[in-house]
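Residues per chain are reported as follows:
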Amino acid sequence: MSSATKLQVHNLSKSFGSSQVMKNINFDFADNAITTVLGPSGTGKSVLIKHLVGLLEPDTGEVLVDGDDIWAMTEDERYSMRTRFGVCWQDGALFGSMNLYDNTAFPLRTHTKMSEKEIEEKVMRLLEEVGLGHSAHKAPNEISGGMKKRAGFARAMVMDPEFVIFDEPDSGLDPVRTSLLCDIILDVHQKHGGTYLLVTHDMATARKVSDYIGLIWQGEVVHYGPAKEAFENEDPFVKQFLAGESAGPLGMD
Ligand SMILES: Nc1ncnc2c1ncn2[C@@H]1O[C@H](COP(=O)(O)OP(=O)(O)OP(=O)(O)O)[C@@H](O)[C@H]1O
């Protein structure tokens with residue numbers, strides 16, 4: 001893959017105490033495509049996301065946005081770099097005291113000078129795009145887990161991010177709701193473009209949405225390439241991983 005993509009991770013390593021979670025990770029995330037990073041629980045997928053948005057600093061290595069190392073930036077530059085990202089956390093990370101409309105409007109009211117009329121037009125369009133146009137007045141505790149994730153997605157999109165990151169979009173959802181969310185992700189991506197990254201261990205999600213697939217195993221990238229190539233790959237590690245088999249070269253520890 002070209003080394004000139006807008007979002008890159010180069011030789012990133014990270015340890016917590018004596019536990020090394022990331023071992024020299026490299027990714028050049030394809031521009032304007034959907035990449036899924038797959039890995040078993042505890043393999044460091046959320047840690048990867050936190051590095052990408054500048055919430056964690058690597059021990060060694062770099063996170064590059066447009067070729068600039070985010071940890072060589074000033075705090076202000078890093079803050080403004082973060083506004084180019086929309087992140088969909090597992091539970092939607094909604095403010096419990098605000099309805100879905102106000103949750104989605106919050107970044108616009110905080111970071112822009114848009115009028116309430118402009119905000120309303122944008123917020124309602126996004127809530128409709130994620131299938132929540134009729135639920136704008138509801139509070140987070142009045143809606144299902146799937147709806148929370150969709151509301152989190154609408155809020156993540158409201159500042160027109162170039163990079164959209166999903167932390168396990170399928171977690172806690174049944175297969176039908178997961179499939180609905182995947183359809184919405186594909187629709188929104190087609191409409192707005194952007195570089196999307198999903199981390200998950202759900203193969204069905206990966207099959208449905210991915211243009212590219214990366215596999216992380218024990219803190220290392222064991223495969224990265226076009227999704228079709230990954231699912232046709234004969235490498236025993238990749239085959240076992242994508243088939244979800246217990247027998248094979250990947251150990252269970
Ligand atoms: N701030 C932290 N301090 C210490 N250890 C941490 C910290 N953040 C993550 N870890 C450890 O790093 C490892 C990877 O965690 P991470 O949450 O990234 O896994 P994951 O692949 O996202 O797992 P899951 O699929 O279960 O969400 C775990 O062993 C976790 O306990």
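Counting of residues starts from 1 at the beginning of each chain's written sequence and follows it residue by residue. pLDDT decides what is reported in this predicted model: residues at 70 or higher carry local features, side-chain atom pairs at 80 or more are listed and counted, and totals for whole chains, interfaces and linings draw on all residues regardless. The basis for every side-chain value is the complete set of heavy atoms in the structure, and neither hydrogens nor water enter the calculation.

Considering the site of the ligand
Next, step 1: Close to the ligand lie Phe16, Val21, Pro40, Ser41, Gly42, Thr43, Gly44, Lys45, Ser46, Val47, Glu168 and His201.
Next, step 2: Ser46 places a side-chain nitrogen or oxygen 2.8 Å from an oxygen atom of the ligand.
Next, step 3: Two N or O atoms count as a polar contact when they lie within 3.5 Å, although within protein this holds only if one can serve as hydrogen donor and the other as acceptor, and sequence-adjacent residues are included solely when both atoms are side-chain atoms. Between the ligand and Val47, the relevant distance is 2.9 Å, taken from an oxygen atom to a main-chain nitrogen or oxygen of the residue.
Next, step 4: Expressed as a share of its isolated accessible area of 640 Å², the protein-covered part of the ligand is 57%. Being near a molecule or strand, for a residue, means having at least one of its heavy atoms within 4 Å of it. The Shrake-Rupley method, run with a 1.4 Å probe, gives the accessible areas here. Residue values count only the displayed protein chains as cover.

Looking at the domain arrangement of the protein chain
Interface size is often expressed as the accessible area that is lost when the parts come together.
Next, step 1: Residue ranges labeled as domains rest on an automatic or database domain assignment. Here the protein chain is described as being made up of domain 1 (1–84 + 161–253) and domain 2 (97–160).
Next, step 2: Measuring from the centre of the C-alpha atoms in domain 1 to the corresponding centre in domain 2 gives 26 Å.
Next, step 3: Residue contacts are defined here by distance: any two heavy atoms, one from each residue, within 4.5 Å place the two residues in contact. Between domain 1 and domain 2, the contact holds 18 residues from the first and 14 residues from the second.
Next, step 4: Once two parts are put together, the accessible area they lose, assessed with a 1.4 Å probe and summed over both, is termed the buried area. At the boundary of domain 1 with domain 2, total buried surface from both sides reaches about 1300 Å², with 71% on carbon and sulfur atoms.
Next, step 5: For salt bridges, the criterion is a side-chain nitrogen of Lys or Arg within 4 Å of an Asp or Glu carboxyl oxygen. Where domain 1 packs against domain 2, one counts zero salt bridges.
Next, step 6: At the boundary of domain 1 with domain 2, the tally comes to four residue pairs in polar contact (both at pLDDT 80 or more).
Next, step 7: For the purposes of this entry, the term helix denotes a DSSP run of H or I that reaches at least four residues, the term strand denotes a run of E that reaches at least two, and both are numbered from the N terminus. Listing elements by their share of the side of domain 1 that touches domain 2, those giving two or more residues are strand S7 (163–167) and helix H6 (175–192).

A closer look at the sheet that holds strand S4 (residues 60–65)
As a general point, the strands of a sheet are linked pairwise by backbone hydrogen bonds and lie either parallel or antiparallel.
Next, step 1: One open sheet accounts for four strands, arranged S2-S1-S4-S5; its pairing is antiparallel. Because the sheet does not close on itself, it has two edges, and the strands there are strand S2 (19–29) and strand S5 (68–69).
Next, step 2: Should DSSP find at least two bridges between two strands, the strands are regarded as paired. Pairing of strand S1 (residues 7–16) with S4, which is carried by five bridges, proceeds in the antiparallel orientation. Bridge pairing in S4 links Ser13 to Thr60.

Concerning the sheet that holds strand S10 (residues 220–226)
Next, step 1: Read across the open sheet, the six strands follow the order S6-S7-S8-S3-S9-S10; overall the sheet is mixed. The outermost strands of the open sheet, each flanked by one partner alone, are strand S6 (85–88) and S10. Looking at each pair of strands side by side, their axes are set apart by 15 degrees on average, direction ignored.
Next, step 2: As paired elements, strand S9 (residues 212–217) and S10 share six bridges and run antiparallel to each other. When the sheet's bridge partners are listed, Trp217 is paired in S10 with Glu220.
Next, step 3: Orientation is described by axes fitted as lines to C-alpha atoms, over the contacting stretch for helices, and by angles from 0 to 180 degrees between their N-to-C directions. The sheet strands contacting helix H1 (residues 45–52) are strand S3 (34–38), S6, S7, strand S8 (195–200) and S9, and the helix crosses S7 at an angle near 155 degrees.
Next, step 4: Lying over the sheet, H6 contacts S3, S7 and S8, oriented at roughly 165 degrees with respect to S8.

Here's the deal with the packing of aromatic side chains
Next, step 1: Stacked, edge-to-face and tilted labels apply to pairs of Phe, Tyr and Trp rings (six-membered ring for Trp) whose centres lie within 6.5 Å, assigned for plane angles under 30 degrees, over 60, and everything in between, in that order. One pass over the full model with this rule turns up eight aromatic pairs.
Next, step 2: Here the aromatic rings of Phe153 and Phe166 are separated by 5.0 Å at their centres, their planes lie at 65 degrees, and the arrangement is edge-to-face. Residue Phe153 is located in helix H5 (residues 145–157), and its partner Phe166 is located in strand S7; the two are separated by 13 residues in the primary sequence. Grouping residues by exposure puts Phe153 and Phe166 together as buried.
Next, step 3: When the centroid spacing of 5.8 Å and the interplanar angle of 50 degrees are considered together, the rings of Phe166 and Tyr196 count as tilted. A 1.4 Å probe rolled over the protein chains alone gives each residue an accessible area, and that area as a share of the maximum for its type sets the label: buried under 20%, exposed over 50%, partly exposed in between.

Some thoughts on the pattern of salt bridges
Next, step 1: If you walk through the whole model with that rule in mind, you get 14 salt bridges.
Next, step 2: The salt bridge partner of Asp66 is Arg84, with a shortest N-O separation of 2.7 Å. Of the two residues, Asp66 is situated in the loop between S4 and S5 and Arg84 in the loop between helix H2 (75–82) and S6; the sequence distance between them amounts to 18 residues.
Next, step 3: Residue classification places Asp66 among the partly exposed positions, given a relative accessible area of 39%.
Next, step 4: On the basis of relative accessibility, which here comes to 22%, the residue Arg84 falls in the partly exposed class.
Next, step 5: Between Glu232 and Lys228 there is a salt bridge, with the nearest N and O atoms lying 3.1 Å from each other. For the pair Glu232 and Lys228, one class covers both residues: exposed.
Next, step 6: Taken together, the salt bridges that share partners define one network made up of Lys6, Asp66, Arg84 and Glu162.

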